[in-house]
Amino acid sequence: MIPASDILMNGQTGALNYTISVKKRPALQLFMTLWCLAACVSGASAMPVSVGKGTDILPLAPYIQLLEDKNSAYTINDMLDGSVTRQFQPVDEKMPNYGFMDSSFWIRFSIIPDYNTADESFEYYIELPHPLYDIVEVYLFDSQGGFNLMRSGDTLPFNTRRIKYHNYLFPVKLKHGVNNTVFMHITTTGSFQLPLNLVRSDYLLEREQLFLISGGMLYGILIIILLASILFFFIEMDRLYLYYAAFVLSIVLWLLTLDGFAFQYLWPGSPWWANRSVPFLINGVIISTLLFCRNFFVVKETSPRVDKLVLGLVAVSLFLALVLFFIPYTMSVQIITFYSIITSSVLILTGLYYVLKKQRLARYFTGALFLFLLGTILVALNRYGLVQKNFLSENAQKIGALIQVIVLYLALGERISIINREKADARNDAATVMKKYTIIAEESDDIIFTLDSSWNFISSNKAIKKHLKISERELPRVNLLDLIYEENPENREETLQFVKKKLEDFRGDTRPVSFKAVFKSSFMGEPVTMNVNLEHISIEGKHEILGRATSVMEDTLLRYFVEEKQKYVIENYLLTADETTQRMTRNLERYITSREANMIRMALREIMINAIEHGNLGITFDEKSGAINTGAYFSLIEARRQIPEYRDRRVSVKCVITSRGVEYTVRDDGQGFDYHALLDKVKGMGDKKNLYHGRGILMSMNIFDTVEYSDRGRRVKLVKYFSRGVKQADEQAESEHVLL
């Protein structure tokens, strides 16, 4: 046993939750009794707390005296010194609130039991329902010489508390004739409030049951909504649910911390985090609310300026999330409080902005946020004693948070319902449009089709039967390249090479491609010339090629054509040569038939290809034959084009068309060749089949009336005379127009 006199000599004796009793010697009892009575009347005029049998709970604010100890310089020995006790001042407020402070305070009050029966005693608790103080020390003296020291606070592990309770509770046993004097030493770096009560044990138990029921309902609803949001995120895969779940989680953790439950159940062994978690969790509420607001209103698309502001605030919040751990707690709370005022104002204004824009769901968001802020303000007013203390003013913040979460959950559900309705309407509209387009596509005179990556037909409209005489049953066995037509069988492979080149270039590019092609038709073997357009599409994640083949339209201005002169200088690209020949022969049908014009085009193309291959690029007949046989023909062309000796060479072609005939002059920049020997060789071979070397020259000699080489074979002039005049052409054109 340690006598009370030892306290005066040794200062703070005892450990955590340590109880010390003294021997009840008469002299010592008399000393403690006189000291307690003196304490009741010394200093300022604070009245002692009179506790009767019917007292369930008694606010202690009117009975306490307060002394600020800024540097924590005083000990309990100093409190027992008369010179120090005279510095205590009474507290006049019903709910003392001194704002944010980094200091310590001594509190003193006396308790006098008002019981009639000597053997009556009751268990009471000194309750401090503000679980965020760093250190709370209670020194309890009674007039019989008893002494009790109890310590608690959020800088001490939770399991060191004598009463394992989310708020601070310190037991006091009141007996008839035994007066008690209490000194409390509170150290804080945050808000200093004194909602100090004296509560009877059985009443505390009843109240706690009601509190746990109401708190269980509050947190139960919030956790159910949290789990439902996470579940809906995985169902809908909408990130808005994830942001909302983060918002609800931050609200739950913040409220648990304010109630002391987080320290009791979540991190009881981490007093450092318990002490620093409040500003961090408030910052988490801010971040999650900003992100939820941004996605709820689709701010990025609907208001880019507001989006930049919101993202800027999120960036500031992330910065604060790091800074808050390295600055004093008092400063961190003040900063986060000021910052929360700014973000709340921005969120309210954002909600009002969308309300003015007639966005229906903005009223949910703005109203919910306003109710939460109203509840926070009401709690603050209650803490400062500006509004009457009751259930609503005590729990307005929790009620506001719950209403906010529920309203936003309803708004989120309404938003998803609106989106689903819009999607359903869009699907219905798309189905209607698709039906219309299906009808249009089926009835179109153009061939609309799809191909796979190997150019096999997947589907087509009915026009393919009309133009190419291919039935729906035959379609899956048809390849696009199988339909390419070539008048001269000897040229078919080269024509296919041109088409394959276009298709391969298209395969490696995402851009659409267009070209003109002549297709076979099973109807009387007549070819069909069509413009082909291809583009890449994705249908249900599967890559396909959408094509459209359009009949070549009659040139309505062709009947007014008289003559023309053209000149082109092209690089060593075979596809460019092919396109150039189409451009330079399209007006020939003014004076000759389309079949004759097509033959001239093919012969001119052969001559231009010879100028590129053998003239500019120096490819021999044997090299070309080997490359074609191995499928490396275009690779050979590309390789030769990169050689500096050949890279800058060009092919020029001139064209003159009159009513009498057409003349083409083709010239290359190569070394030339012995055209006399080649011409004699070609003339000697006549029309033999499978002639490969000299095929272009032979074709030209059969189609054109004049084929003249000059400049060592680098220039060739091709002339074709028209056998009919303008009058016959006009008559044919008129008859074709009548037939059409």
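Conventions we followed
Residues numbered from 1 in each chain as written. Predicted model: local features only at pLDDT ≥ 70, side-chain atom pairs only at ≥ 80, totals over all residues. Heavy atoms only, no water. Helix = DSSP H or I, 4+ residues; strand = E, 2+ residues; numbered from the N terminus. Expected span 1.5 Å × (residues − 1). Contact = heavy atoms within 4.5 Å. Buried < 20%, exposed > 50% of the residue type's maximum accessible area, 1.4 Å probe, protein only. Phe/Tyr/Trp six-rings, centres within 6.5 Å; stacked < 30°, edge-to-face > 60°. Core = buried A, V, L, I, M, F, W, Y, C linked by side-chain atoms within 4.5 Å. Pairing = 2+ DSSP bridges. Axes fitted to C-alpha atoms, helices over the stretch in contact; angles between N-to-C directions. Salt bridge = Lys/Arg side-chain N within 4 Å of Asp/Glu carboxyl O.

Draft legend 1. View of helix α10 (residues 304–323). If you check α10, its first and last C-alpha atoms are 29 Å apart, about what 20 residues at 1.5 Å a residue would give, namely 28 Å. The secondary structure elements touched by the buried residues of α10 are α8 (271–296), α9 (299–302) and α11 (329–356).

Draft legend 2. Focus on helix α17 (residues 594–616). End to end, α17 covers 31 Å across 23 residues, agreeing with the expected 33 Å (1.5 Å per residue, within 8%). The buried fraction of α17 amounts to 18 of the 23 residues, a majority that puts the element mostly inside the structure. Taken from the residues just after α17, Gly618 is the one with a positive phi, measuring 65°.

Draft legend 3. View of the packing of aromatic side chains. Enumeration over the complete set of coordinates arrives at 32 aromatic pairs. With a centroid separation of 5.8 Å and 25° between ring planes, the pair formed by Phe211 and Phe261 is classed as stacked. Here Phe211 is found in helix α5 (residues 201–236), whereas its partner Phe261 is found in helix α7 (residues 261–266), with 50 residues between them in sequence. Residue Phe211 is classed as partly exposed on the basis of its relative accessible area of 22%. Plain terms: the ring middles of Phe261 and Tyr265 are 6.2 Å apart, the flat faces sit at 20° to each other, and that makes the pair stacked. Here Phe261 and its partner Tyr265 are both found in helix α7, four residues apart, which amounts to about one turn of the helix.

Draft legend 4. Region of interest: the nonpolar core. Residues Tyr244 and Phe365 are the most contacted members of the largest nonpolar core, which totals 59 residues. Secondary-structure elements contributing two or more residues to this core are α5, α6 (239–259), α7, α8, α10, α11, α12 (362–383) and α13 (391–443). Excluding anything up to four places from it in sequence, Tyr244 contacts Ile225, Ser229, Phe292, Val405, Leu408, Tyr409 and Leu412. Counting 47 residues, the second-largest nonpolar core is a separate cluster that includes Leu558, Ile592, Leu604 and Val716.

Draft legend 5. Region of interest: the sheet that holds strand β3 (residues 57–59). Sheet architecture is open: four strands sit in the order β3-β14-β8-β11, paired in antiparallel fashion. Of all the strands in the sheet, the pair left with one neighbour each is β3 and β11 (168–175). Across the sheet, the axes of successive neighbouring strands diverge by a mean angle of 25°, strand direction being ignored. Sheet topology places strand β8 (residues 121–128) next to β11; eight bridges connect them, and they run antiparallel. The partner of Tyr124 across the bridge, within β11, is Val172. Most of the contacts of α5 go to strand β14 (residues 197–200), to which it runs at about 90°, and overall it touches β3, β8, β11 and β14.

Draft legend 6. Just the pattern of salt bridges, in detail. Enumeration according to the criterion identifies 23 salt bridges in this entry. For Asp307, the salt bridge identified is with Arg294, shortest N-O distance 2.4 Å. Here Arg294 lies in helix α8 and Asp307 lies in helix α10, a separation of 13 residues in the sequence. By relative accessible area, which is 7% here, Asp307 ends up buried. The buried category is assigned to Arg294, whose relative accessible area is 18%. Where Glu414 meets Arg421, a salt bridge forms, and the shortest distance between an N and an O atom there is 3.7 Å. Since its relative accessible area comes to 42%, Arg421 is described here as partly exposed. When salt bridges with common partners are traced through the structure, they connect Arg667, Asp669, Asp711 and Arg714 into a single cluster.

Draft legend 7. Here's a closer look at the pairing of strand β22 (residues 661–668). The buried count for β22 comes to six of eight residues, which makes it a mostly enclosed element. Where strand β21 (residues 651–657) and β22 come together, seven bridges link them in antiparallel fashion. Following the sheet pairing, Val651 is matched in β22 by Asp668. Following β21, the chain reverses through three residues before pairing antiparallel with β22. Inspection of the sheet shows β22 paired to strand β24 (residues 715–721) by seven bridges, in the antiparallel sense. Within β24, the position partnered with Val662 by the bridge is Lys720.

Read these as geometric descriptors, not functional statements.
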